[in-house]
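Chain by chain, the residues run as shown.
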Amino acid sequence: MPWPVLLMARALEGGGSERQLRELAKALDRSRFQPHAGCFRLEGVGRRELESAGIPIVHFPVYSFLSPPAISGAFHLMRYVRYQKIRLIHTFDYPTTVFAVPAGRFLTPAAVLSSQRSHRDLIPRGYRRLVRMTDHLVDGIVVNCDFVRRHLEQDERVPATRIQLCYNGIDLETFGAGEAPRPPELPLDSFVIGVVCALRPEKGLSTLLQAFARVRHLRAAMKLAIVGDGPMLEALQVEARTLGIREDCVFALSTVQVREWLRAMDIFVLPSVSEALSNALMEAMACGCPVVASNVGGNPELVRNGESGLLFKPGDVERLAVALQVLIENQSLRQRLAEAGAKFVRERFSIRASAERMGEIYEQLIRS
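Notes on the structure in this doc start here. Small disclaimer: the values here were computed from a predicted structure and weren't measured. (Residues numbered from 1 in each chain as written. Predicted model: local features only at pLDDT ≥ 70, side-chain atom pairs only at ≥ 80, totals over all residues. Heavy atoms only, no water.)

So, about the pattern of salt bridges. As enumerated under the stated definition, the model contains 23 salt bridges in all. Between E202 and R200 there is a salt bridge; the shortest N-O distance is 2.5 Å. Overlapping salt bridges bring together R22, E23, K26 and E49 as one network. (Salt bridge = Lys/Arg side-chain N within 4 Å of Asp/Glu carboxyl O.)

What follows covers the nonpolar core. Counting residues in each nonpolar core, the largest one holds 79 residues, and the members touching the most others are I193, M265, F268, V292 and L324. In terms of residues, this core owes the most to one element, helix α12 (residues 317-328), which gives seven residues. Apart from residues lying up to four places away in sequence, L324 is in contact with I193, A211, V215, I267, V269 and V292. If you look at the next biggest cluster of nonpolar residues, it comprises 27 residues, including A25, M358, Y362 and L365. (Core = buried A, V, L, I, M, F, W, Y, C linked by side-chain atoms within 4.5 Å. Buried < 20%, exposed > 50% of the residue type's maximum accessible area, 1.4 Å probe, protein only. Helix = DSSP H or I, 4+ residues; strand = E, 2+ residues; numbered from the N terminus. Contact = heavy atoms within 4.5 Å.)

Attention now goes to the sheet that holds strand β9 (residues 222-227). Sheet architecture is open: six strands sit in the order β10-β9-β8-β11-β12-β13, paired in parallel fashion. Strand pairing shows two members of the sheet lacking a second neighbour, β10 (249-252) and β13 (310-312), which therefore form its edges. For this sheet, the mean angle separating the axes of adjacent strands, direction not counted, is 20°. Examined bridge by bridge, β9 and β10 share four bridges and lie parallel to one another. (Pairing = 2+ DSSP bridges. Axes fitted to C-alpha atoms, helices over the stretch in contact; angles between N-to-C directions.)

Attention now goes to helix α3 (residues 68-84). Taking 1.5 Å of rise per residue, 17 residues should cover 24 Å, and α3 covers 24 Å from first to last C-alpha, within 8% of that figure. Listed as buried for α3 are A70, G73, A74, L77, M78, Y80 and V81. Looking at the buried residues of α3, the elements they touch are β1 (3-11), β2 (33-41), β3 (57-59), β4 (88-91) and α4 (94-107). (Expected span 1.5 Å × (residues − 1).)

You can see T91 is positioned in strand β4. A polar atom in the side chain of T91 sits 2.7 Å from the side chain of T97. Not counting residues within four places of it along the chain, the set of residues in contact with T91 comprises M8, T96, T97, A100, V101, L113, S114 and S115. (Polar contact = N/O pair within 3.5 Å; in protein donor to acceptor, adjacent residues only side chain to side chain.)

Summed over the entire model, instances satisfying the criterion amount to seven aromatic pairs. Here W3 and F33 contribute two aromatic rings whose centre-to-centre distance is 5.9 Å and whose plane-to-plane angle is 50°, an arrangement assigned as tilted. Of the two residues, W3 sits in strand β1 while F33 sits in strand β2, which places them 30 residues apart along the sequence. Take W3 and F33: they sit in the same class, and that class is buried. Seen from their ring centres, F33 and Y362 are 5.8 Å apart, and the 85° between their planes marks the pair as edge-to-face. Within this pair, whereas F33 is found in strand β2, its partner Y362 is found in helix α14 (residues 351-367), the two being separated by 329 residues in sequence. For Y362, a relative accessible area of 0% puts it in the buried group. (Phe/Tyr/Trp six-rings, centres within 6.5 Å; stacked < 30°, edge-to-face > 60°.)

Set out below in structure tokens:
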């Protein structure tokens with residue numbers, strides 16, 4: 001009989017962690033594992049996607065850890081784990097880690113696994129202290145790149161034996177080179193530099209705006225596409241107007257048509273000042289975009305400078321502008337980097353490979 005496992009995130013749709021939960025749950029070997037999904041918020045297409053795949057979903061309506069629903073939610077988790085005979089609980093983000101790790105450890109017999117998918121400085125201060133406490137309760141912590149592994153070992157003093165590396169994986173059937181309808185926001189004759197990401201401070205998008213302002217004169221009908229939503233949206237729009245490039249910028253809210261946007265981009269840029277292993281960067285490479293990324297976090301594990309893309313120092317507007325100019329003016333280089341990047345992702349970062357590795361981790365903890 002397959003082992004029931006419970007994968008948990010605050011919501012079932014949204015950023016990279018939520019997407020990885022959905023893709024992993026669908027890709028796990030059903031002869032070995034029976035995945036369940038748990039969340040605090042049920043709304044959205046992510047729920048329907050999992051239900052269509054036959055994955056049971058359990059809702060824990062926890063909105064504050066200082067409220068009675070948090071206590072009742074812990075006992076709901078206990079009952080669910082025992083009734084469904086869940087063998088392992090895996091949390092994918094810090095809110096579910098803070099909630100489910102103590103509840104799972106003290107109220108259930110299941111193995112408990114957490115995730116660290118970014119630098120911990122990005123976790124709100126109050127949560128950060130609680131997450132560090134859970135490091136002593138879990139059976140393991142999954143990291144998605146070697147950069148985060150080193151961060152936990154060196155900065156957080158987590159024992160190396162407790163850390164499990166499993167690279168993100170993407171759906172290569174969805175994200176691959178090919179033709180796709182061009183988003184209507186983009187003129188047919190435009191040359192597009194773009195990014196798909198959450199509009200948060202750590203994404204360093206001001207650097208991209210400033211660099212684009214320096215190179216947009218190099219080619220007619222050049223557009224900058226910023227696809228995503230978040231707290232920086234209004235500030236970025238204001239900065240674009242200040243730089244005099246607002247009419248050449250396309251701000252598109254988060255969309256399920258990520259593939260269509262990526263295939264419309266001539267150059268993909270990820271200018272983050274903090275990053276782990278970016279799903280968007282992998283998806284861009286898989287779609288055949290030549291990529292430029294900041295030399296930070298897990299980006300160098302994906303982008304080999306001059307081979308599968310170009311790297312620049314985070315926050316360095318001048319270096320990013322130079323990299324963009326080189327690619328704008330050299331079509332053969334764009335093609336060579338795009339082909340190498342797509343090959344690299346196809347060979348190493350499929351969702352199947354990620355699910356196989358995660359299955360190894362699950363089995364190790366369940367059997368121990």
